[in-house]
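Topology and contacts: notes
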Amino acid sequence: MTAWARWCYRHRLVVLLLWVGALFGLGFAASTAGTDYANVFSLPNTDSKRAYDLMEKAFPDSAGDTDTVVWKTDGGSVRDASVKSRVQPALDEIAKMKGVGEVAGPYTGARGAAQISRDGRIAYARITFTEQANAVPKDLVQNVVDTAQKAERQGLEVELGGQAIQRVQEPPQGLSEMVGILAAAVVLFLAFGSFLAMLLPIGIAVFGVGTGMFSVQLLSHTTDIPDLAPLLSSLIGLGVGIDYALFIVTRHRRGITRGMDPEESAVTALNTSGRAVLFAGGTVCIALAGMLVTNLRFLDGVVIGTSLTVVLSVLAATTLLPALLGFLGPRVLSRRQRRRLAATGPEPEQEQASSLAARWSGTVQKRPRAIAALALVVMAVLALPVLSLRLGATDQGNDDASTTTRKAYDLLAEGFGPGFNGPLQVVVASGDTTALVKDIQATKGVAQVGAVPARGGVTVVQVVPTTSPQSKETDDLIDTLRDEVIPKAKVQAHVGGVTAISKDFASVTGDRLPWFIATIIGLGFLLLLVAFRSLVVPLTAAVMNLIAAAASFGVLVAIFQWGWGLSLLGLGKEGPINAFLPVIMLSLLFGLSMDYQVFLVSRMHEEWVHTKDNARAVRVGLAETSRVINSAALIMVCVFMAFVLSGDSGAAMAGVGLAAAVALDAFILRTALVPAAMHLMGKANWWLPEWLERRLPHLAVEPKEEEPEALSADGPASVVHGYVRTADGEPVGDAAVTLLSKGGRQLDRVTSLADGSYIVSVPGPGSYLLAVTAGAHGSRARHVVVGDGPLVFDVEVAEGEVDAVN
């Protein structure tokens, strides 16, 4: 990483021009080529898929998405000539549009009469497209909406519903991304106190997400990429892009304030935090690839899109960022920091004990049992709602009350009953359809049954339930038809329709979810095992990830399934959790939580390798990383919550769920429960059987430190000696005095005598760290500079003091 970072820093103009050229070049190519997103939604070996295949074969013009135009008159009847003269021409115009297979209105034939409510005030027409909803061009859908709503007049309301219609009422693309970026900018400015430093993570995220989105758009012409992929790619790309740059910039700023040359500081930051960024990005991609285990084809494109965006975000953070740091130089610090640096010189290489992070770290060390118990109770309470988790599919009834799809849904429920919005299609291939219709009509939960004339030996029986499409009673009705009614009638039939497809998808997802979770946890465990040479650390991470997942899904259930706070978010009404959400959300959650685990434990591991003091390693790691982890998490929360504005219920659920998961993971798990548990487990955190140690490959998250110069045969080049005393001047005996290299490698270790005196050997002139641990008097560490001769250095310790060293 050192040579890479130095080259990018010194050739910053070349690197910047390459990235600008890539962004604009990909953008031009993508805008010229357009998009070709394809939602390959297939559920092989399911009853609803067999029903769809029969429908597509026998009724090719009716196998596409079916949407509705609903109208209501305030006075009179929809049969009146004044209403018919406005609505029928609009329906005729829609029927002539290319891509519309059939328009079945209420003003023709006996079947049409059934499309008028009993009171005569509400009627509807069915528009059947030749393609499934996600494949219908948006221009065609918008043309249908505009044509239908031209028929409106005072006293005549016209609304449209259906999956295709829902796609055209989403807010403008990019709104949620812009809001997320602005919120992140505010957090970054408060964290850095510098406008230029704030722009760095934002710029990296823009380049990473921009090149990723354009690349995904181009890839849509060569492979099946669903239109959900760009939204999720921008969601995850913004989060990791800003976070990764934040970690590196924070390390760079710390190096400058401690007297390092800007170039050396940037190289060091890339060689330390940059390595962790590469590792963390790899874990995110592996977690995303875990979605492939589900064998759901439409997720393949999501994996490609999101993984590519993460890779490009990591590449931007490790190449473009050092180039931008070269342009800024010392200006990456705020003016106040630059003035203080010029006036007082470099800061000592330590976090002061008065800092909030160091005080909290000391508190966790002193009270690990109480803090761990409190954190577990909080997470358990939040996870309780997950026991009532019900997977399914939201429909227009969950849309905001101001949308045309929600209004059409409510009008149909008002005129024809709640089950009318999700009719079931019993597709009969052979057998006595008449007897089947009678049996279905006698089944509890069925409001209306009607058979469509057979074609090609296939008959379709439309079944309207008495309950709404997303209710549990409707799911039970589907099971009853499949398990009891159809076998009793001795016919070959399958239950299909949007509601049945949603139920089957939820069942398939639920069956494959345990394998998916086991896969991503297992892969994460192996990565951490190799990186940190420990069995307990990856096991702790796996357990914490499961706790975070349970608590975040508990929050989702409380909000979206129980309806707590939905009105405040402007997200319609409650319903089941989207069946695809657990797979996508768990992939992102495990990847992002692994990031925080890597950044936290890598610093602890670094300290453990150098000192073999678990308490110090956990304390120092938490003190030095908690602030940046919490800042990064706050940015993630802002970015994810902004996706509530996307207009897509799935993206809104994912945004709220991921925001809750990241907040709980960073503020409770990584800041409290993980360090408390590691304090309780002591040295067992770093245990690894020798036979496994010999067989594991080496994967270093931290850079390999250069070996110190060897001591000469005549003895050390110099020494540091002095006394360890209290603030009152009393000598402190039996204090452990350790001399460390700048990187933290232990060079010498002695115990102070009864009079507090000590002497440690130094390999040669240079900068070192002198750490003192004195039991009840706490720990102290100081930066010392040794010249050609011995250095006299006295250390003052205070009872209860904690000093975290970087």
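One pass over the structure, following the stated rule, counts 14 salt bridges. Between Glu-263 and Arg-10 there is a salt bridge, with its nearest N and O atoms 2.7 Å apart. One end of the pair, Glu-263, is in helix α11 (residues 262–289); the other, Arg-10, is in helix α1 (residues 2–10), and 253 residues separate them in sequence. Across the pair Glu-693 and Arg-533 runs a salt bridge, and its minimum N-O distance is 3.2 Å.

Its place among the elements puts Ala-661 in helix α24 (residues 649–681). Remark: the alpha-carbon pair of Ala-661 and Met-585, spanning 76 residues in sequence, is separated by 9.4 Å. Not counting residues up to four positions away in its chain, the partners in contact with Ala-661 are Ser-552 and Leu-589.

Another point: a nonpolar patch on the surface. A cluster of nonpolar side chains, namely Val-186, Phe-189, Leu-190, Phe-195, Leu-196 and Leu-199, defines an oily patch on the protein surface of about 580 Å² accessible area. Of all elements in the fold, only α8 (175–192) and α9 (195–219) reach the threshold of two or more residues within the nonpolar patch. With respect to the helices, strands and loops of the structure, Leu-190 is situated in helix α8.

Right, let's get into the sheet that holds strand β3 (residues 122–129). Strand order in the open sheet formed by four strands is β2-β3-β1-β4, and the pairing between neighbours is antiparallel. Edge strands, defined here as strands with exactly one partner in the open sheet, are β2 (100–104) and β4 (156–161). In this sheet, adjacent strand axes meet at a mean angle of 20° when their direction is disregarded. Bridging between strand β1 (residues 66–73) and β3 involves seven bridges; their strand directions are antiparallel. By the bridge assignment for β3, Thr-68 is matched with Arg-126. Contacting β1, β2, β3 and β4, helix α6 (residues 138–149) runs over the sheet at an angle of about 165° to β4.

This part is about the pairing of β1. Counting buried positions along β1 yields seven of eight residues, so the element is predominantly enclosed. For β1 and β4, the ladder comprises six bridges, and the chain directions are antiparallel. Its bridge partner lying in β4, Val-70 is registered against Glu-159.

Moving on: the sheet that holds strand β7 (residues 424–430). What the four strands build is an open sheet, ordered β8-β9-β7-β10; its pairing is antiparallel. Bordering the open sheet on either side are β8 (446–455) and β10 (492–496), each of which pairs with just one other strand. Across the sheet, the mean angle from the axis of one strand to that of its neighbour is 20°, orientation sign disregarded. Where β7 and strand β9 (residues 458–465) come together, five bridges link them in antiparallel fashion. Across the sheet, Leu-424 pairs through a bridge with Val-463, a residue of β9. Where helix α3 (residues 47–58) meets the sheet, it contacts β7, β8, β9 and β10, and its direction lies at approximately 105° from that of β10.

Tracing the chain through its elements places Val-784 in strand β17 (residues 779–786). The exposure class assigned to Val-784 is buried, which follows from its relative accessible area of 1%. In this structure the C-alpha to C-alpha distance between Val-784 and Glu-730, which are 54 residues apart in sequence, comes to 23 Å. The contact partners of Val-784, leaving out residues within four places of it in the chain, are Gly-766, Ser-767, Tyr-768, Leu-770, Leu-791 and Phe-793.

Next up on the list: the packing of α9 against helix α12 (residues 298–328). Between α9 and α12, the least distance of the axes is 8 Å, while the angle of their chain directions is 145°. Note on packing geometry: the crossing formed by α9 with α12 is right-handed. Its residues assigned to classes, the contact of α9 with α12 comprises 17 nonpolar, seven polar and no charged.

In this model, the protein chain carries an average pLDDT of 83, and 91% of its residues clear a pLDDT of 70 or more. For the protein chain, the element scoring lowest by mean pLDDT is strand β20 (residues 804–805), at 42; helix α15 (residues 368–383) scores highest, at 94. In this model residues 705–715 is a low-confidence stretch, pLDDT under 50, and it forms 12 contacts with partners more than four residues away in sequence or in other chains. Segment residues 801–806: pLDDT under 50, and 38 contacts once partners within four positions in sequence are set aside and those in other chains are kept.

With that out of the way, let us pick up the nonpolar core. In a soluble, globular protein the nonpolar side chains are often hidden away together inside. Ranked by internal contacts, the top residues of the largest apolar core, which has 151 residues, are Met-291, Tyr-596 and Phe-640. Among the elements that line this core, the one with the most residues is α24, at 19 residues. Here Tyr-596 is in contact with Asp-243, Phe-247, Ile-629, Ala-632, Ala-633, Met-636, Val-662, Asp-665, Ala-666 and Arg-670, once residues within four sequence places are set aside.

Moving on, we come to the packing of helix α2 (residues 12–33) against α9. Taken N-terminus to C-terminus, the directions of α2 and α9 make an angle of 35°; their axes are 9 Å apart at the nearest point. The crossing of α2 and α9 is left-handed. In contact with Trp-19, Val-20, Ala-22, Leu-23, Leu-26, Gly-27, Ala-29, Ala-30, Ser-31 and Ala-33 of α2, α9 contributes Phe-207, Gly-210, Thr-211, Phe-214, Ser-215, Gln-217 and Leu-218.

We now examine α2. Three- or four-residue spacings in an α-helix give side chains the same orientation, since the helix completes a turn every 3.6 residues. A rise of 1.5 Å per residue sets the reference length of α2, with its 22 residues, at 32 Å; its end C-alpha atoms lie 31 Å apart and thus fit the reference within 8%. Every buried residue of α2 is accounted for by Val-15, Trp-19, Leu-23, Gly-27 and Ala-30. Around the axis of α2, the buried residues are gathered within 95° of arc, so they sit on the same side. Exposed residues pointing more than 90 degrees away from the buried face of α2 are listed as Leu-13, Leu-17, Leu-18, Phe-24, Phe-28 and Thr-32. Check the buried side of α2 and you find it contacts α1, α9 and α12. Gly-34, located one to two residues past α2, shows a positive phi value of around 75°.

Turning our eyes to something else, we now look at the side chain of Ser-334. Inspection of the secondary structure assignment puts Ser-334 in the loop between α12 and α13 (335–344). Contacts of Ser-334, omitting those with residues within four sequence positions, involve Phe-192, Gly-193, Ser-194 and Arg-253.

Cut-offs applied
- Residues numbered from 1 in each chain as written.
- Predicted model: local features only at pLDDT ≥ 70, side-chain atom pairs only at ≥ 80, totals over all residues.
- Heavy atoms only, no water.
- Salt bridge = Lys/Arg side-chain N within 4 Å of Asp/Glu carboxyl O.
- Helix = DSSP H or I, 4+ residues; strand = E, 2+ residues; numbered from the N terminus.
- Contact = heavy atoms within 4.5 Å.
- Patch = residues over 30% accessible without salt bridge, like charges linked within 9 Å, V, L, I, M, F, W, Y side chains within 5 Å.
- Areas by Shrake-Rupley, 256 points an atom, 1.4 Å probe, with all protein chains shown as cover.
- Pairing = 2+ DSSP bridges.
- Axes fitted to C-alpha atoms, helices over the stretch in contact; angles between N-to-C directions.
- Buried < 20%, exposed > 50% of the residue type's maximum accessible area, 1.4 Å probe, protein only.
- Left-handed = near helix turned anticlockwise from the far one by under 90°.
- Nonpolar A, V, L, I, M, F, W, Y, C, P; charged D, E, K, R; others polar.
- pLDDT = per-residue confidence, 0-100.
- Core = buried A, V, L, I, M, F, W, Y, C linked by side-chain atoms within 4.5 Å.
- Expected span 1.5 Å × (residues − 1).
- Arc of directions from axis to C-beta.

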